[in-house]
Amino acid sequence: MNDVKKLNLTVASSPHVASPIDTQNLMRDVLIALVPALVFGVVFFGPRALVATIISVLACEFFEWGYRKLMHKSMANKDLSAAVTGVLLAFVCAPTLPYWMLIIGDFFAIVVVKQLFGGLGQNFMNPALGGRAFLMLCYPVAMTTWVVPGIGTDKWAGLLSGSVTMTGADVVTGATPLSADFMHGGLLPDVSLLDAFVGNVGGCIGEISALALLAGGLYLIARGVIRARIPVAYIATVAVLTFLFPMGGNDRLTWMAYQLFTGGLFLGAFFMATDYVTSPVTKKGEVIFGIGCGLLTVFIRYFGGYPEGVSYSILIMNCCVWLIDKVGKPNRYGVTKEMKAAAKAAKKAGKEG
């Protein structure tokens, strides 16, 4: 008996992967998939988009290291989850957002949303979206100051000061396609569908190019990092609703296309709604989750005070994941409905007896 070896079983927090692939490899793939969107953000908004993203990543890594050091916990920076949060938070912020505001959002995302709930695998909402919601509450004007992308912009100006400039003006602003001036008011935007698909429109740093985000999402699906159920259910729900119920008497197909290609739909569907920790783990639950996100996105865009509903729809559905997984839980193998009904009847009879 003394020769028997003692085996220790270590159970780590989610995400769980039944393969040699670890969290670091998964997060590295996510970062690779986000590169095309970053490239398009830099092309249309200038190098400040890159600088803001780098600052956000460094801030998230620092806050995660600092908190875990202060709490005498093991270091988790090597898993790259904080880096992904930093990139995603920068992606859902306006290009002109001052760096110090972005750093405050990073602190809230890492320390409050993630670490105070136990770290990776314990948070109940997506940290990047939590940080964005906090910044929208504290600095709504700065978060919704959109700049005109592309031609004529002095892309190097404001790199340190926190603004993008053109000759004779501090900030050249313009409405986004989903703003009250356009689609939120039932009007088509003054940009072509091609520009909307490629990303030559106003918006957040990493959400403007549907083309780049679609390429990144397909890469994640091909690599097996995410499953297609949530993004397909999400995007399909938005497509069906906007096709059936166009605003302002617009052509159904055109209205649907603009709704799909503008805003943060592709970024949310492929990179945020599929977050392992805050999304369902059952097959039926993933479909329900995606449909719910799509319904809420369209409802907020049509009837809400905000022109964009992706962030809040995902945050709301994050809070319902426990119930969705309960509803979507598959039956145990070999257990029929009749057997379940008989067991319930026997249990009830035992209590009454």
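Quick notes on the rules
Residues numbered from 1 in each chain as written. Predicted model: local features only at pLDDT ≥ 70, side-chain atom pairs only at ≥ 80, totals over all residues. Heavy atoms only, no water. Helix = DSSP H or I, 4+ residues; strand = E, 2+ residues; numbered from the N terminus. Buried < 20%, exposed > 50% of the residue type's maximum accessible area, 1.4 Å probe, protein only. Lys, Arg positive; Asp, Glu negative; His and termini not counted. Salt bridge = Lys/Arg side-chain N within 4 Å of Asp/Glu carboxyl O. Contact = heavy atoms within 4.5 Å. Phe/Tyr/Trp six-rings, centres within 6.5 Å; stacked < 30°, edge-to-face > 60°. Core = buried A, V, L, I, M, F, W, Y, C linked by side-chain atoms within 4.5 Å.

**Q** I would appreciate a short explanation of the side chain of E61 in the present structure.
**A** On the secondary structure map, E61 appears in helix α2 (residues 47–70). The side chain of E61 is buried and forms no salt bridge, while K114, the nearest opposite charge, is found at 7.9 Å. Setting aside chain neighbours within four positions, we find E61 in contact with N77, L80, A82 and A83.

**Q** Sorry if this is basic, but what is going on with the packing of aromatic side chains here?
**A** Applying the stated criterion across every chain, the model contains 13 aromatic pairs. Pairing F117 with F124 gives two aromatic rings, centres 5.2 Å apart and planes at 70 degrees, and the pair type is edge-to-face. Judged by its relative accessible area of 43%, F117 falls in the partly exposed class. Each ring, one from F299 and one from F303, has its centre 6.5 Å from the other, and the planes form 45 degrees; the classification is tilted. Residue F299 and its partner F303 are both found in helix α12 (residues 283–303); the two are separated by 4 residues, about one turn of the helix.

**Q** Looking at this structure, how should I read the nonpolar core?
**A** Nonpolar side chains in soluble globular proteins tend to end up buried together. In this structure, Y234, L267 and F271 are the most contacted members of the largest nonpolar core, which totals 78 residues. When residues of this core are assigned to their parent elements, the largest contribution, 9 residues, is made by helix α1 (residues 23–45). When residues no more than four places from it in sequence are discounted, the contact partners of L267 are L34, L88, F91, V92, G206, E207, L213 and M272. Ranked by size, the runner-up nonpolar core spans 7 residues in total, among them A59, C60, F63 and Y67.

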